[in-house]
Amino acid sequence: KHKVWHLPSMATLITNELREAYLRCIYCVFTKTGELEIIVNEASSALDELLAEHKVTSAAFITASNPASRRLDDAANAKRNEALRTKVAEAGFSYLRGEGRDPAGKWQSEQSLLVLGIAAADATRLARQYGQNAYVFIRLRSAAKLIEVN
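Since we're looking at a predicted model, the values are computed, not measured. (Residues numbered from 1 in each chain as written. Predicted model: local features only at pLDDT ≥ 70, side-chain atom pairs only at ≥ 80, totals over all residues. Heavy atoms only, no water.)

### Some points on the sheet that holds strand 7 (residues 145-148)
One open sheet holds the 7 strands; their spatial order is 2-1-4-5-3-6-7, and the pairing between them is antiparallel. Every other strand in the sheet has two partners, leaving strand 2 (34-38) and strand 7 as the edge strands with one partner each. Here the average twist between neighbouring strands, direction ignored, is 30°. Where strand 6 (residues 134-139) lies against strand 7, 4 bridges are found, and the strand directions are antiparallel. Considered in strand 7, the bridge of A134 is made with E148. Running at roughly 145° to strand 7, helix 1 (residues 16-24) makes contact with strand 1 (26-31), strand 6 and strand 7 of the sheet. (Pairing = 2+ DSSP bridges. Helix = DSSP H or I, 4+ residues; strand = E, 2+ residues; numbered from the N terminus. Axes fitted to C-alpha atoms, helices over the stretch in contact; angles between N-to-C directions. Contact = heavy atoms within 4.5 Å.)

Shown next, in the form of structure tokens:
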């Protein structure tokens, strides 16, 4: 049984410009065989295979970096992401490491996790706890979706 989190949000309202940046982002997962790219609003047979391999039907791509899209220094982001990894593991979820990449290069890549088997409601609570405006939710045989937290 997985634990559920209940904490207040640090997230802010998402501007159209910020939403568009999130939608353009490439969400990269580091697998045993290489990098797997998640594109919002696109389905992926490779991602479906990854979920099936881990015997789950859903996952969330989430970071603890730069809460509310406010840039923190590398050390602060690393500490936040280590806390996220610990919380996810303690809750009983498996995960793969990854990073969110801005194809335009305006934003620095953000360390992230693909949390395997997490439900959308739990992923929303987790994203809220770490001050995130949004995360990417994946369901087997479906397009990846940007989920706004606020």
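### Focus: the pattern of salt bridges
Pairs may arise between side chains of opposite charge once their charged atoms sit close together. Scanning the entire structure with this criterion turns up 7 salt bridges. Between K32 and E53 there is a salt bridge; the shortest N-O distance is 3.3 Å. Here the residue K32 occupies a position in the loop between strand 1 and strand 2, and E53 occupies one in helix 2 (residues 45-53), the gap between them amounting to 21 residues. Judged by its relative accessible area of 44%, E53 falls in the partly exposed class. E99 is the salt-bridge partner of R101, the closest N and O atoms lying 2.6 Å from each other. Each of the salt bridges in this network shares a partner with another, and the network as a whole consists of E35, E99 and R101. (Salt bridge = Lys/Arg side-chain N within 4 Å of Asp/Glu carboxyl O. Buried < 20%, exposed > 50% of the residue type's maximum accessible area, 1.4 Å probe, protein only.)

### Overview of the nonpolar core
Core analysis: the biggest nonpolar cluster contains 24 residues, and Y27, V29, I38, L114, V136 and I138 have the highest contact counts within it. Looking at this core, the elements with two or more residues in it are helix 1, strand 1, strand 2, helix 2, strand 3 (58-62), strand 5 (110-116) and strand 6. Apart from the residues within four sequence positions on either side, I38 is in contact with C25, I26, Y27, V29, L47, F61, L114, V136, I138 and A144. If you look at the next biggest cluster of nonpolar residues, it comprises 17 residues, including A60, A64, F93 and Y135. (Core = buried A, V, L, I, M, F, W, Y, C linked by side-chain atoms within 4.5 Å.)

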